[in-house]
Amino acid sequence: MLRAMTWNIRTGGRDSGGADRRDLLVRVVADQRPDVLALQELRHFDSGDVLADFAGRVGMRPHLARSCFGQPVAVLLRPPLRALAATRVRRPFHHAAQRVTVATTAGPLTVLSVHLDPYWGLRRRVEAGWAAAALRRAPGELGLLAGDLNTLDPVADHTDRIARLPAAYRRRHLRRDGRTVETRAVARLLATGLVDLYATAGAPDGGLTAPTRHGGGAEFSGMRLDYLLGTAALAGRVRDCRVLRGGETEYASDHYPVVADLDLDPA
């Protein structure tokens, strides 16, 4: 069984002039022991030994994508899982996207860690197209897109949660008419054939991932922004998918982690 996890850890686990949350992050990851870990908002992880230290503490090997405009993202692998290929997706994402292909007994699995534009829905839709194309070009039929898509899903009714947002943040989730909820980035990814693994697992709640109880996040109103999306071949191997809540996840970030257990083994 292979466990995949995605998590926006908020500004590299350190708040400006505030708390250092990296010990909390390490403890949550160590408790879950993911084989594949997609991380977003890795501020300062691209300088010095920050990434190497974090990866060493959780027993994983990192593959980082630096960002031109925002914050880096990464994919971390737990041995014996090994990378067949690893590269930054060379498109001008607001943040970044990292693609890693690993060897499994069912063939190559390609994992994409991505963090879409937080401010502009049309830009997110464009970035979603870049991400889908990067996954389509990967070898084999097993693909996983993991990350903070900053986008509400196109299925649920979001009227109340949009109304609860302050006006400055409400605009992030509405189209130009000021009324229509902006869901096009996730809709575009689903239209390419990717499957929502959380929905596939039949989880009983709405999968809300932000904000946590004590991690901040005034720009959120109880929202699902973090996703694990898989190809059809991968979706058939999902055994469980859940949002991790409670305990130290309430303090470690303003986003909750999302975890999926997959019927795969390292090759």
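Structure first, text after, so check above.
Cut-offs used in this document
Here the residue index of a chain counts from 1 through its sequence in written order. For this predicted model, a pLDDT threshold of at least 70 governs which residues receive local features, and a threshold of 80 or more governs which side-chain atom pairs are given and counted, while totals over whole chains, interfaces and linings are taken from all residues. Only hydrogens and water are set aside; all other atoms, that is, all heavy atoms of the structure, feed into the side-chain values. Salt bridges are defined as contacts in which a side-chain nitrogen from Lys or Arg sits within 4 Å of a carboxyl oxygen from Asp or Glu. For the exposure calls, accessible area comes from a 1.4 Å probe over protein chains only, and a residue counts as buried if that area is under 20% of its type's maximum, exposed if over 50%, partly exposed in between. In this scheme Phe, Tyr and Trp rings, the latter by its six-membered ring, pair at centre separations within 6.5 Å, and the angle between planes marks the pair as stacked below 30 degrees, edge-to-face above 60, and tilted otherwise. Counting from the N terminus, the helices are the DSSP runs of H or I reaching at least four residues and the strands are the DSSP runs of E reaching at least two. In this text, buried Ala, Val, Leu, Ile, Met, Phe, Trp, Tyr and Cys residues form a nonpolar core when linked through side-chain atoms within 4.5 Å. Here a residue-residue contact requires only that any non-hydrogen atoms of the pair lie within 4.5 Å.

**Here we look at the pattern of salt bridges**
Line of reasoning, step 1. What the rule picks out here adds up to 14 salt bridges.
Line of reasoning, step 2. Close ionic contact of Glu-182 with Arg-184 constitutes a salt bridge, the shortest N to O distance being 2.8 Å.
Line of reasoning, step 3. Exposure remark for Glu-182: the relative accessible area of 2% places this residue in the buried category.
Line of reasoning, step 4. Overall, Arg-184 belongs to the partly exposed group, its relative accessible area being 24%.
Line of reasoning, step 5. In this structure, the salt-bridge partner of Asp-240 is Arg-242, at a minimum N-O distance of 2.6 Å.
Line of reasoning, step 6. The class of Asp-240 is partly exposed, set by a relative accessible area of 29%.
Line of reasoning, step 7. By relative accessible area, Arg-242 is classed as partly exposed at 22%.
Line of reasoning, step 8. One connected set of salt bridges, linked through shared partners, spans Arg-3, Asp-240, Arg-242 and Asp-261.

**Some details on the packing of aromatic side chains**
Aromatic rings in a pair are described by how distant their centres are and how their planes are angled relative to each other.
Line of reasoning, step 1. All told, the structure shown has two aromatic pairs when counted by the stated rule.
Line of reasoning, step 2. Look at Phe-93 and Trp-130: their rings are 5.4 Å apart centre to centre, the planes differ by 80°, and that puts the pair in the edge-to-face class. Residue Phe-93 is found in the loop between strand S5 (83-88) and strand S6 (97-104), and its partner Trp-130 is found in helix H3 (residues 121-136); the two are separated by 37 residues along the sequence. Both residues of the pair, Phe-93 and Trp-130, count as buried.

**Section: the nonpolar core**
Line of reasoning, step 1. Grouped together as the largest cluster of nonpolar side chains are 27 residues, with contacts concentrated most on Val-36, Leu-109, Leu-144, Leu-197, Leu-228, Leu-234 and Leu-262.
Line of reasoning, step 2. Non-local contacts of Leu-109, meaning those with residues more than four positions away in its chain, are made with Val-100, Thr-101, Val-102, Thr-104, Leu-142, Gly-143, Leu-144, Leu-234 and Leu-264.
Line of reasoning, step 3. If you look at the next biggest cluster of nonpolar residues, it comprises 23 residues, including Val-26, Phe-54, Ala-55 and Val-259.

That's the geometry; what it means functionally is another story.
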